[in-house]
Amino acid sequence: MSQAQNQAMNTKTVNGVTIDDTFAEAFGMSGTGIIITADTMKWARIAAVTATGFGTSVIGCGAECGIDRELSPDETPDGRPGVRVLMFGFSPDALIPQVKNRIGQCVLTSPGSACFNGLEADLKIGLGQGPRFFGDGHQTAKKLGNSRYWRVPVMDGEFVIEETCSVTTEAVGGGNLLIIGKDRAGLLETTEAAVEAIAKVNDVITPFPGGIVRSGSKVGSKYKGMFASTNEAFCPTLRGSVKSELGPGTIAVFEIVIDGLTSKAVADAMRVGLKAITDIGTAKGVTRVSAGNYGGKLGQHHYHLKDLLS
Amino acid sequence: MSGLTFRLKANPGERLNIAGLTPSKLAKLSSSEFARLKIGMGKASITVGDAFDVSGTAGDTITIEGTGAPLDFAGAGLDGGTLRINGDVGPYAGRKMSGGMLEILGNAGNYLGSGMSGGTIHVKGSGGDNLGGVLSGDRFGMAGGTIVVGGNIGVRAGDKMRRGTVIVKGKTGDGAGTRMMGGTIWAEGGFGPAPGFMMRRGSLIGPSVERLLPTFADCGVHDLLIVRILARHLKQALGPLAPPPMPFNVRKIAGDMAIIGKGEILLPA
């Protein structure tokens, strides 16, 4: 009996969509939150999108990054529109160069921007400690309460950046949903709806392009030096030639990967994503939802789909 | 909220050093022990019990009533809780204070908050000279925390001040921010003559300056984000005691250019 058939025996069906009796396996990570503000939301978003670019997978990009949410002027330290971005890495030390380079190259350079800590936690890493040296000795600092703000003279005035940002080691990376169906365009629309629903959950990001992955991976490869390679069990075009996880009629699979500052945030995000998918049901070609895991032996966090059906 | 109240019995005829009267210090003593604390600064060796009637139980608040006597070092070393003085205090109030709240309902003497590193001092009346300033033997003046003065203050406020914030509802005397090395003095009534003499860093914010030193350079009118951040921080920390926000555009005057010139005077544009 194939694994797909085996799973089929233990599945649930919601609004016509089969929900596999399986779980997403996720890993402990370090995460930080950073607030980026600007004169307008447009420019705050531009700085945030640039700073979180090339931040899909920690393996190849050094960090997994994305926009958590937009902030109203009442929610930011300088009373301007802002965006909270999250960055995740293997460890606090691994986040240090990522934060320094992304903020230094993408936020310092963006018109009218300022940058602040966006997370309350005891552990701190440098935020403005590197970029402040761009001031070449003309930078000055102002300590207010427990925060020190650096003022770096730039061509449109001053770039203000908080000296440190907080890091949590309780973050989780790799929560996921696999959305499987028989119509690629409709499947993509359904998955987009799930990503939009997840975007409303605080403290999580979906770091891949548009929040969606079309190249689910397995650990290792037949080639030396490749840490990950295509997960052939979920490739529809191989389903007749390899040990496949896909049933007949499957045309495409999309994955949503979720990183969060807490395990609860990841679970909440998976729950609302799953609900968004099952609310649409089979109308756009979705047939099944599954999740990626490594047999439960590698990741500390397991999110069973059956527990997330609200 | 528990606390002790000290009522002055009569004018003791000499200055009293009340540095030991803080919640954390008295919490370690029995009532008989702190009644024996010597606070007189003359030959009479006046004790707490000689000078004050004490009521209440030790807790996080101390109130001193009926201050006909010169009280020096009020709240010196305060590290938490509240010390409220219903009257005037002499010099060195809040000296080396690191936390808590010192409320002075009257006026304060010289060197208010010298060497303080944290906490808040609120003086309803006026302050003396060298507010937040350096004392002989110290390396810096005020190094953190917040002082709010309801009236005017004397000369050389913030001498060698390193960090922290001073809010003056009235006007400063001569030479505010002399030798200042950091922090902020925000004078809602404006600055007296020659502010920022030999100032290295720090910010002096207010509506006017009586006379600028010639070693200060006009850098033009700018929308400085740090002023907005400061205003929001103060509003959050001080509530109604916070100064009204400055206009978005301020004139930055850098100085003292006789030395490194990284300080600034910020005036409305």
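In this text the structure is predicted, and so the values were computed from the model without any measurement.

Here the focus is the overall build of chain B. Helices and strands together make up the secondary structure of chain B, namely four helices and 17 strands. In terms of overall size, chain B behaves like a compact globule, its C-alpha atoms giving a radius of gyration of 19 Å where 269 residues would be expected to give roughly 18 Å. Each principal axis of the C-alpha atoms in chain B carries an extent, and together these give about 60 × 35 × 25 Å. For chain B, with 269 residues in total, the buried portion stands at 52%. Expressed as a percentage of contacts within chain B between residues at least 6 apart in sequence, the contacts between residues at least 24 apart total 42%.

It is worth spelling out the packing of helix α5 (residues 184–199) of chain A against helix α6 (residues 263–280) of chain A at this point. Residue and element names in this part refer to chain A. Running from N to C, α5 and α6 point in directions that differ by 145°, and their axes come no closer than 8 Å. The two elements α5 and α6 cross, and the hand of that crossing is right-handed. Residues T190, A193, A194, A197 and I198 of α5 pack against A269, V272, G273, A276, I277 and I280 of α6. Residues that form the contact of α5 with α6 fall into these classes: nine nonpolar, two polar and no charged.

Turning to the confidence of the model for chain B, a few remarks are in order. Summing up the model confidence of chain B, the mean pLDDT is 93 and the portion of residues at 70 or higher is 99%. Here the predicted complex carries an ipTM of 0.91, next to a pTM of 0.91.

Right, let's talk about the pairing of strand β13 (residues 201–205) of chain B for a bit. Taken residue by residue, a regular strand's side chains alternate between the two faces of the sheet. All names here are of chain B. In terms of burial, β13 is a largely internal element, four of the five residues being buried. By the bridge criterion, three bridges tie β13 to strand β17 (residues 263–268) in an arrangement that is parallel. Within β17, the residue paired with L204 across the bridge is I265.

Below, the discussion takes up unusual backbone geometry. Residues and elements named next belong to chain B. Note the cis peptide between G255 and D256, where omega equals -5°. Structurally, the position occupied by D256 is in the loop between β16 (249–255) and β17. In this structure, Y92 is a non-glycine residue whose phi angle is positive, near 65°.

To continue, consider the interface of chain A and chain B. Size of an interface: often given as the accessible area lost when the parts come together. Of the residues lining the interface, 14 residues belong to chain A; the matching set on chain B comes to 14 residues. Elements represented by at least two residues in the side of chain A that touches chain B include exactly β8 (140–144), β9 (147–154) and β10 (157–162) of chain A. Of the residues forming the side of chain A that touches chain B, the biggest block, four residues, is contributed by β8 of chain A. Of the residues that constitute the side of chain A that touches chain B, the class distribution is five nonpolar, four polar and five charged.

This part takes up the packing of helix α2 (residues 41–51) of chain A against helix α4 (residues 92–107) of chain A. The packing of two helices is summarised by the inter-axis angle and the distance between the axes. All names here are of chain A. α4 packs onto α2 with a crossing angle of 140° between their chain directions and a minimal axis gap of 9 Å. Accordingly, the angle class assigned to the pair α2 and α4 is oblique. The chirality of how α2 crosses α4 is right-handed. Counted together, A47, T50 and A51 of α2 and R102, I103, C106 and V107 of α4 form the full contact between these two elements.

What counts and what doesn't
- Residues numbered from 1 in each chain as written.
- Chains lettered and ligands numbered in written order.
- Predicted model: local features only at pLDDT ≥ 70, side-chain atom pairs only at ≥ 80, totals over all residues.
- Helix = DSSP H or I, 4+ residues; strand = E, 2+ residues; numbered from the N terminus.
- Rg over C-alpha atoms; globule rule 2.2 N^0.38 Å.
- Buried ≥ 20, exposed ≤ 12 C-beta atoms within 10 Å, placed from the backbone.
- Contact = placed C-beta atoms within 7 Å.
- Axes fitted to C-alpha atoms, helices over the stretch in contact; angles between N-to-C directions.
- Left-handed = near helix turned anticlockwise from the far one by under 90°.
- Nonpolar A, V, L, I, M, F, W, Y, C, P; charged D, E, K, R; others polar.
- pLDDT = per-residue confidence, 0-100.
- Pairing = 2+ DSSP bridges.
- Parallel < 35°, antiparallel > 145°, perpendicular 65-115°, else oblique.

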